[in-house]
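Read off the chains here:
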Amino acid sequence: EAEVAQSPRYKITEKSQAVAFWCDPISGHATLYWYRQILGQGPELLVQFQDESVVDDSQLPKDRFSAERLKGVDSTLKIQPAELGDSAMYLCASSPQGLAGFYEQYFGPGTRLTVT
Amino acid sequence: AQSVTQLGSHVSVSEGALVLLRCNYSSSVPPYLFWYVQYPNQGLQLLLKYTTGATLVKGINGFEAEFKKSETSFHLTKPSAHMSDAAEYFCAVSDAAAGTALIFGKGTTLSVSS
């Protein structure tokens, strides 16, 4: 069964350092999402891609976060510099949907980030 | 704007007892509604979803939920809890018209005792 892959699974970094997360969606899925889940809360959308284009990044803290999906396949989320408040689980999800209609989102295992 | 409220951050039941996790939503357009389960340090797994049609939706692992438009609710139930059901459960809503990202509730932790 096809799955969304994420790496690393766990990352510990010091405040002010740069950190990057990688996501490989299910093959053929056009839509890719990055969510952030703070401990004890539900996931919140950071950025949504349709193929290589950003559809929604309204909740992405653009002064320190960046995301790309250059060839419309895998994606990288970067934080520079990391802050203590960035400690969270970063979840990637993919969906075969276009911008019309709906298809299920499939989630990866997440990257647990701890900023010290 | 859409929103989800999960009533009760923590629910405890005995093995074999009824499980009831509550979810209310707010949406200005017909919603798509979902329940996800998350085990520690893992991603989210879809339990069930409501898009259109029958309002009583059956999912995996014996769970079901009923969409009640008049009450703006989508409560999750399971007739008999199993120890393996202990996890975090999230209710989520999506704007059916725009097919956009999910908006999640804060989650309910389900504990099951023997």
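Residues numbered from 1 in each chain as written. Chains lettered and ligands numbered in written order. Predicted model: local features only at pLDDT ≥ 70, side-chain atom pairs only at ≥ 80, totals over all residues. Heavy atoms only, no water.

Peer 1: What's the story with the interface of chain B and chain A in this structure? I'm lost.
Peer 2: Across the contact, 21 residues belong to chain B and 23 residues belong to chain A. Where chain B abuts chain A, roughly 1,600 Å² becomes buried across the two surfaces, and 56% of that area is made up of carbon and sulfur atoms. A per-residue breakdown of the area chain B buries against chain A is headed by B:Asn41, B:Leu44 and B:Ala101, which together make up 28% of the total. Counting across the interface, chain B meets chain A through zero salt bridges. Here chain B and chain A share three residue pairs in polar contact (both at pLDDT 80 or more) between them. (Contact = heavy atoms within 4.5 Å. Buried area = accessible area lost by both parts, 1.4 Å probe. Salt bridge = Lys/Arg side-chain N within 4 Å of Asp/Glu carboxyl O. Polar contact = N/O pair within 3.5 Å; in protein donor to acceptor, adjacent residues only side chain to side chain.)

Peer 1: I would appreciate a short explanation of the sheet that holds strand β3 (residues 19-26) of chain B in the present structure.
Peer 2: Backbone-to-backbone hydrogen bonds join strands into a sheet, with any given pair of strands oriented parallel or antiparallel. Residues and elements named next belong to chain B. Reading across from one edge, β1-β3-β8-β7-β6 is the order of the five strands in this open sheet, with antiparallel pairing throughout. Only two strands of the sheet have a single partner each, and these edge strands are β1 (3-7) and β6 (56-58). Taken pair by pair, the neighbouring strands of this sheet meet at an average axis angle of 20°, ignoring direction. Looking at chain direction, β6 and strand β7 (residues 64-68) are connected through three bridges and run antiparallel. The partner of Val57 across the bridge, within β7, is Ala65. (Pairing = 2+ DSSP bridges. Helix = DSSP H or I, 4+ residues; strand = E, 2+ residues; numbered from the N terminus. Axes fitted to C-alpha atoms, helices over the stretch in contact; angles between N-to-C directions.)

Peer 1: Explain the packing of aromatic side chains to me, please; I cannot follow it from the model alone.
Peer 2: The way to describe two aromatic rings as a pair is by their centre distance and the angle between their planes. On inspection of all chains with the given rule, the structure shows twelve aromatic pairs over all chains. Geometrically, the ring pair formed by A:Tyr35 and B:Phe104 is edge-to-face, given 5.8 Å between the ring centres and 85° between the ring planes. Here A:Tyr35, found in strand β4 (residues 31-37), pairs with B:Phe104, found in strand β10 (residues 103-104), and the two come from separate chains. The exposure class assigned to A:Tyr35 is buried, which follows from its relative accessible area of 0%. The structure contains a cluster of three or more aromatic residues connected by ring pairs, namely A:Tyr33, A:Tyr35, A:Phe107, B:Phe34, B:Tyr36, B:Phe90 and B:Phe104. (Phe/Tyr/Trp six-rings, centres within 6.5 Å; stacked < 30°, edge-to-face > 60°. Buried < 20%, exposed > 50% of the residue type's maximum accessible area, 1.4 Å probe, protein only.)

Peer 1: Before we go on, may I ask you to explain the environment of B:Gly16 in this structure?
Peer 2: Residues and elements named next belong to chain B. Examined against the element boundaries, Gly16 turns out to sit in the loop between β2 (10-14) and β3. Classification of Gly16 as partly exposed rests on a relative accessible area of 43%. Along the sequence, Gly16 and Lys78 sit 62 residues apart, while their C-alpha atoms lie 9.6 Å from each other. In this structure, Gly16 is in contact with Pro79, Ser80 and Ala81, ignoring residues within four places of it in sequence.

Peer 1: Looking at this structure, I do not really get the pairing of strand β9 (residues 88-95) of chain A. What am I missing?
Peer 2: Successive residues of a regular strand alternate their side chains across the two faces of the sheet. Residue and element names in this part refer to chain A. Buried residues dominate β9, accounting for eight of its eight residues. The two faces of β9 match: Ala88, Tyr90, Cys92 and Ser94 on one face and Met89, Leu91, Ala93 and Ser95 on the other face are all buried. Here β4 runs beside β9; their pairing, made up of seven bridges, is antiparallel. Following the sheet pairing, Thr31 is matched in β9 by Ser95. Here β9 pairs with strand β11 (residues 111-115) via three bridges, running antiparallel. Paired with Met89 across the bridge in β11 is Arg112.

Purely geometric stuff here, so don't read any function into it on its own.
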